[in-house]
Amino acid sequence: MNYFITYNGQTIGPMTKEQLFSYPVTPDTPVCTEANQQWKPLYTHPDLMEMLHNAANARAIEEMNTTGKDKTLCGILAILLGGFGAHYFYLGKVGGALICILLSLVTCGLWGVVTLVQGIVMLTMTQMQFEQKYVRNTATFPLF
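Quick look at the structure, then.

The rules behind these values
Residues numbered from 1 in each chain as written. Predicted model: local features only at pLDDT ≥ 70, side-chain atom pairs only at ≥ 80, totals over all residues. Heavy atoms only, no water. Helix = DSSP H or I, 4+ residues; strand = E, 2+ residues; numbered from the N terminus. Polar contact = N/O pair within 3.5 Å; in protein donor to acceptor, adjacent residues only side chain to side chain. Contact = heavy atoms within 4.5 Å. Buried < 20%, exposed > 50% of the residue type's maximum accessible area, 1.4 Å probe, protein only. Arc of directions from axis to C-beta. Phe/Tyr/Trp six-rings, centres within 6.5 Å; stacked < 30°, edge-to-face > 60°. Patch = residues over 30% accessible without salt bridge, like charges linked within 9 Å, V, L, I, M, F, W, Y side chains within 5 Å. Areas by Shrake-Rupley, 256 points an atom, 1.4 Å probe, with all protein chains shown as cover. Salt bridge = Lys/Arg side-chain N within 4 Å of Asp/Glu carboxyl O.

## Brief notes about the side chain of K71
One can find K71 in helix α3 (residues 71–81). For K71, the side chain forms a polar contact with the main-chain oxygen of M125, separated by 2.8 Å. Once residues lying within four places of it in the same chain are set aside, the contact partners of K71 are M122, L123, M125, T126, Q127 and F130.

## Some details on α3
Along an α-helix, residues three or four apart share an orientation, since each turn contains 3.6 residues. Within the span of α3, buried status applies to K71, C74, G75, L77 and A78. The buried residues of α3 occupy one face: seen down the axis, they fall within an arc of 160°. Elements that come into contact with the buried residues of α3 comprise α4 (86–91), α6 (111–124) and α7 (127–135).

## Quick look at the packing of aromatic side chains
Evaluated as defined, the whole model comprises 4 aromatic pairs. Between F130 and Y134, the ring centres sit 5.7 Å apart and the planes meet at 35°, which makes this aromatic pair tilted. Linking F130 with Y134, this pair stays in helix α7, spanning 4 residues, or about one helical turn. Both residues of the pair, F130 and Y134, belong to the buried class.

## A few points about a nonpolar patch on the surface
On the surface, a cluster of nonpolar side chains totalling about 480 Å² of accessible area is made up of I76, L80, L81, F84 and L123. The dominant element in the nonpolar patch, judged by the number of residues it contributes, is α3, at 3 residues. Mapped onto the elements, L80 comes out in helix α3.

Geometry only, nothing functional implied.
Put into C-alpha cells, the structure is as follows:
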C-alpha cells in the first residue's frame, strides 16, 4: 500500500510506510492512502502507529547511556577544563589526559581552543555516537 503525507504544507508521496518514516512524522501527521483517498491523522492507521512506536523505542535505546559515561558532563569538562585533560581523566584515558596537559604547556594554552571545540562537538553528539567515538574507542587520545 502506498501512502501520502502532508509535510511543510506540501503533499508528498506515493511512498511505502518505510519511506514515510524517513520524515519526522508524529501521530497527528495527516496521512492518505491511494485506496482510501481520505486524509486522516497517522494515529488512525494501526500499522503505521505500530511502526511509529517501534521507531520511537529504537531512538530511545540509541540515546540510552550504556557505559555510565555522560556526554554532557564530559563535554562541559572539555570546555571548562580541557587544557588540563579533565575530560580524558573522566573517560579513564590517563594517557590522553597527560598528552593534553603537555600540549597545553607547549602551545602556551592555545590547546584550550581545540578542547573547547571538542567539548562542543561532544555536546552535539548523540549518547551512542559519544560512546562509540570516545568511550569504547581503544585509542589513547581520540580527538574529533
